[in-house]
Amino acid sequence: MFKSIRSKFISIAVLSLVILTFVGTGYYIHLTSVLDELEQERSEVYEKALIVEDLESSYNDMLFRARGYYAFLDENEKNQLENRLEDFKNHLSEFEQVADSEQETLLYNDLVVFIERYENELLPAAITLVENENYLGLRDLASGGANETINQFLDFTRANEVQSNQRLDDIYTESVDTANLFTLITLLASAGAIIILFVIIFYLLRDLLRPIDDLKLAANSLAAGKEVYHDLDERKDEIGALNQSFYHMAQAIQEKEEELMSQNEELQAQQDELSDHQDQMRYYITDIENMKRAMDQFSLVTTIDENGVFTYVNEKFVETTDYKQEETIGKTYKMMLVSENDRDFFKNIKQQIQSGSIWNGEGRFSTGSGGVIWLQMTVVPYVNKYGRPYQYIAIGLDITESKQMQNKLKESLSQTEKTKTKLERYNQLNHAMSLDVGKENFVSTVFSYINKLYNFDKSVLMLVDEPVYRAMGLTQKTIDQFINTDHSELVERLKSEKHLTVKRKATQAEQGLAEEAIEVYDYYTGVRNANGEVMAVLAATTVGMPVCENDLLELDGIMNRVSIALERVLIYDEIEESRKLNQDIINNVNEGIQFVSETGDMIQINEMMCELSGCQEWLKKKPAAKNKWMIAFTKAVENREETATFFDKCITENYRGALNHQYILYKNGQEKVIDVYGTSVFNDDSERVGTIFVHRDITREHELDQMKSELVSTVSHELRTPLSSVLGFTELLLKKDLKPERQRKYLDTIYKEAKRLTNLINNFLDLQRMESGNQKYDMAVCSLDTIVMDVMNNFKHVNSHQLSFVDESKYVKVKADQERLEQVLTNLISNAIKFSPDGGSIKVRLQNEENQMVIRIEDPGLGIPKDAVDKLFSKFHRIDQTDRKKIGGTGLGLAIAKEIIDQHDGSIWVESEEGKGSIFSVSLPLLDGMMNEETMQSSSATFSPSSVMIIEDDTSLALLLSEELKANGFRVIHHYDPQNAYDDIVRTELTAVVVDLMLGEEMDGWELIEKLKLDPKTKDLPIVISSALDRSDEKVQQFQVNEYLTKPYPPNELSKTLLQFVQSQEKQAGEVLFPRE
Amino acid sequence: MSKILVADDEEILRMLIVDTLEDEGYDIDEAGDGAEALDMLEKGDYHLAILDYMMPEKTGIEVVKNLSNETKTKTKLVMLTAKAQVKDKQEAMEAGADYYMAKPFSPSDLVDMVNQAFTEGLK
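Residues numbered from 1 in each chain as written. Chains lettered and ligands numbered in written order. Predicted model: local features only at pLDDT ≥ 70, side-chain atom pairs only at ≥ 80, totals over all residues.

Peer 1: Give a detailed account of the pairing of strand 5 (residues 389–398) of chain A, specifying residues and quantitative values.
Peer 2: Residue and element names in this part refer to chain A. Bridge count between strand 1 (residues 299–305) and strand 5: 7 bridges; the pairing is antiparallel. Within strand 5, the residue paired with Leu 300 across the bridge is Gly 396. Sheet analysis places strand 4 (residues 372–383) next to strand 5, joined by 9 bridges and oriented antiparallel. Note on strand 5: the bridge partner recorded for Met 377 is Gly 396. Hairpin connection of strand 4 to strand 5: 5 residues between the antiparallel strands, including Gly 387 at a positive phi of 85°. (Pairing = 2+ DSSP bridges. Helix = DSSP H or I, 4+ residues; strand = E, 2+ residues; numbered from the N terminus.)

Peer 1: Just give me the short version of the sheet that holds strand 4 of chain A, but keep the residues and values in it.
Peer 2: All names here are of chain A. Here 5 strands make up an open sheet; going across it, the order is 2-1-5-4-3 and the pairing antiparallel. In the strand order of this sheet, the two ends are held by strand 2 (310–313) and strand 3 (359–366), each with one partner. Averaged over all pairs of adjacent strands, the angle between their axes in this sheet comes to 30°, without regard to strand direction. Pairing of strand 1 with strand 2 involves 3 bridges; the strand directions are antiparallel. Bridge assignment links Thr 303 to a residue of strand 2, and that residue is Tyr 312. Packed on one face of the sheet, helix 9 (residues 343–354) meets strand 3, strand 4 and strand 5 and runs near 145° to strand 3. (Axes fitted to C-alpha atoms, helices over the stretch in contact; angles between N-to-C directions. Contact = placed C-beta atoms within 7 Å.)

Peer 1: Describe the interface of chain A and chain B, listing the residues and the values that go with them.
Peer 2: Opposite the 20 residues of chain A that make contact, chain B presents 20 residues. Elements supplying a minimum of two residues to the side of chain A that touches chain B: helix 20 (699–735), helix 21 (740–772) and helix 25 (882–885) of chain A. Sorting elements by how many residues they give to the side of chain A that touches chain B places helix 20 of chain A first, with 14 residues. Taken together, the residues that form the side of chain A that touches chain B break down as 4 nonpolar, 9 polar and 7 charged. (Nonpolar A, V, L, I, M, F, W, Y, C, P; charged D, E, K, R; others polar.)

Peer 1: So, the packing of helix 20 of chain A against helix 21 of chain A: which residues are in play, and what are the values?
Peer 2: In a packed pair of helices, the relevant descriptors are the angle between the two axes and the axis-to-axis distance. All names here are of chain A. Relative orientation of the contacting elements helix 20 and helix 21 amounts to 155°, with a least axis distance of 9 Å. Between helix 20 and helix 21, the interaxial angle falls into the category roughly antiparallel. Crossing hand, helix 20 versus helix 21: left-handed. Packed against helix 20, whose contacting residues are Glu 718, Leu 719, Pro 722, Leu 723, Ser 725, Val 726, Phe 729, Thr 730, Leu 732 and Leu 733, the element helix 21 presents Gln 743, Tyr 746, Thr 749, Ile 750, Glu 753, Ala 754, Arg 756, Leu 757 and Leu 760 at the interface. Taken together, the residues of the contact of helix 20 with helix 21 sort by class into 12 nonpolar, 4 polar and 3 charged. (Parallel < 35°, antiparallel > 145°, perpendicular 65-115°, else oblique. Left-handed = near helix turned anticlockwise from the far one by under 90°.)

Peer 1: I'd like a rundown of the packing of helix 21 of chain A against helix 26 (residues 893–903) of chain A, residues and numbers included.
Peer 2: Residues and elements named next belong to chain A. Two elements in contact, helix 21 and helix 26, have axes separated by 10 Å at closest approach and are oriented at 40°. Judged on the interaxial angle alone, helix 26 and helix 21 are oblique. Where helix 21 crosses over helix 26, the handedness of that crossing is left-handed. Contacts between helix 21 and helix 26 involve Asn 763, Asp 766, Leu 767 and Met 770 on the former and, on the latter, Gly 893, Ala 895, Ile 896 and Glu 899. Looking at the contact of helix 21 with helix 26, its residues break down into 4 nonpolar, 2 polar and 2 charged.

Peer 1: I'd love a proper account of the pairing of strand 17 (residues 801–807) of chain A, names of residues and values included.
Peer 2: Residues and elements named next belong to chain A. A large share of strand 17 lies buried, amounting to 7 of its 7 residues. Of the two faces of strand 17, both are covered, the one formed by His 801, Leu 803, Phe 805 and Asp 807 as well as the one formed by Gln 802, Ser 804 and Val 806. Across 7 bridges, strand 17 lies against strand 19 (residues 840–849) in parallel orientation. Each bridged residue has a counterpart across the sheet, and for Gln 802 the counterpart in strand 19 is Ser 841. Inspection of the sheet shows strand 17 paired to strand 24 (residues 971–975) by 3 bridges, in the antiparallel sense. The partner of Phe 805 across the bridge, within strand 24, is His 974. (Buried ≥ 20, exposed ≤ 12 C-beta atoms within 10 Å, placed from the backbone.)

This is how it looks when you write it as structure tokens:
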């Protein structure tokens, strides 16, 4: 919106003026009214003061007149008094007019009351009194009450005077103050007006002068040709308008200027272009001239008119065609025709160029010297305004030479094409051959290839040394015939000749439908290896037509190629076979084999290695990096780091020999000891190509080794101890003079110890024999009870334990090596004694059990820990038990026993409870009487629990009696030693006891009988004496012996007697039976 | 003080040693196993003890190892072993034995050794 500066300033000035006028006028009015008010108040006060003064003076006059009257009784005075009274009353009414305060009103009322009383009461009373000359009454009257009001009035007038004066002073002061204030305000207003004036001027200057300066600058800038910036246009006043106009003007000027400039430039450009055109034209002309020169140099240029007549020929034309200018110009082109055949060719050209288009092409022309030239031609028609050609220009390039070259090239190209095809075929063959592995495939490929190339009617390709062949066009019979013929002669010929050709007459089959005799050609060619030996033979037949010599040569070439490939195939087959063989060998070796490269990456591994290392498939498939296989291998190894170090060492260092290492592998919860050796592998040039590791599972060997070293230790101990005694005592005997008893004692000891040594050595020898399988067993039928009895006989002198033999068997025949069996039983019994260090009863029991003979040896000894039972019968095993340490032994006894019993098809086992004792059992197959259920039944039926004890040191007699008693169903217990027998009798329930009188040194039969009879538990036990001594009746009587049999007596006598006992057991207990004789 | 303790579970061998040394005038006590030997050595006052290596209850080495220092200093210890391997001797010596004798031994050698032990002890 446009805002004029003028109107702006006018409006400001008017506004200021109006405000000043209003304020000044208002203030003036206000001041005037205030002053008026003051003036009025002052006059009022003054007036009142006058009235009060008048009132007072009238009162005083009145009183003065009254007194004058009183004193003088003058009537004048009395009139005067009455006037004055009237005055007073007038003044009083005036006072009433101005009395505006309450006090004044009260006073007024009092004065009215007073004057009325004075006038109506006092004055008449006083007059009366005066008149009566009653002055005393007058005095009383004067002192009574009236004076109070008078005094009050006088006080008031005095106070009113003071007050009026005071008020007048105040009014005056106020008037002066108001005047001063007015003066001050007027001054301030003037100052404000001046300030406003200054502000207006300041703004006026600012709004007018600065934009003018800016405009001046802009104008200067415009003059200097600079851009004028449009920065004042925000103003809406005259300056803004001026600026706007100025800006528009500047812009207009600039635009015009630019337009002029561009027009100028355009003109310049047009001028440049023109001069360029001119230059170009000049160049063109030069170019054209040059081109013409160049064309004259290389091309034949002629112009021909519409009738085909030469009008111009250039130098080159003359030079090339050997026609002179004068010979050509004026003649038609037809003079240059080589033959009539070319007429059509020219007709074609003519047709094209007559229609107005350019012709391009090659053509041949005759020359002046009678030759022929080839020209690359362009014929351009010149057309008149009707489109008809009126002249032609022909430009030709001599291409005779290149044409000839081209023909030659074509020829050689076709030659190359042929060679290429051939080579391709060769290539195909080579490719096919190189892909083939295996003789069969190879022969097949080559054969089909050859047949593809040549049209043989029949053909066979076969290997000389192997029954591999392919055939075509032949019956199987013919093929077989051909293959199986001896070809050595043919082969021999083919060694020296590349191929053989045989021409022959056709056979009937080959003749076919042909009427004329047909000739047939047979070809033979061989595949020779580098040494000239024939590896394969190709036989082929063509019927009617021979194969051309070239083809035959080519065939030879093919054969050479085939020979190389065939050799390769054969070698490959051979290598493959031996590789397979090697792998098979490696895989079947019982050792883990592992081959690693020189950097330690695993290259090959055999099956066994796979198994050892827990065979992970990836190990088998491809080369595994060193740290990978090493981690996999040593994962379950106990001495892992050591093993890894060993691998590292072998891989990094050269070893002509081998490095050894053992490691322990945990596999399926078992501990395996593996021995591994690593050795460097070198190639022919002594370069190291890797390392081979051979892992061998030596767990068994290791165990054996350990067992053996344990054995050696044991044996050493076992041998050295008796040896110490032998040597020691011998030395004592030799070096010292000893008493005979001591000598005897030493010799005894030496003997015993030497025997112990012998036993030991025998055990070792036995074991050695058995291990090597050299032990011979002398098998014979023998009675087991006899054997047991014999063995037990050897333990007769054992006093520490009570040995007894309980025979519960019925059948006793077995097939056995008696000596070995005795060895086993001896061992078992001596073990029973040895391992029962606290003594006790050792029972050997013989029983029949289902086709088996079972011998049980029961001891009350140490027993065997459960975990040791399994290993008990293995070689070199001794139970590690504190109690047993003092018990010597080789640890071989039970192993030997087992070996022997195994050889007897028997078995040996043990039942044991630690601390309570053991029962070792041996079972052997029974020989006599297959013991089926029935016999078992019957035997058990007749087998009564009646037990008879035989105390007899004569084994054979004991056996004889035992046989007899067993046959009668008795269970027989054998004892040798009467003391042991006694101990046993006390514990056992018996039917009877059979006693020999001549027993051991310590106690004879009679002593035993005496003991039995004295013991209340056994005194009723029937006793039978079996003795060689004559019967002593006295003693028989004394001890109530039941029966006395004098040896020799038939065994059945004993059994009869005993059977009697059984029958009369109850009633005849304790009775002595006398012998019947 | 010239008492000797002979500890061996083999009675015969014990007899050999006892007879040999008694002839030389030594006063000898016998023990049948390792535990007994240890007990006797600690309670008695022996100048020399001949201990078999392989004994029940406690081996000779165990006996030596379990002896109090007091007993060790006052008693010379002879280890008798049937395993004549170098490492056995080493083991015996390391355990604290003073002498070592392998079985089989010559009684006169034993006498020599015992005599030597006694003269050394007197020095």
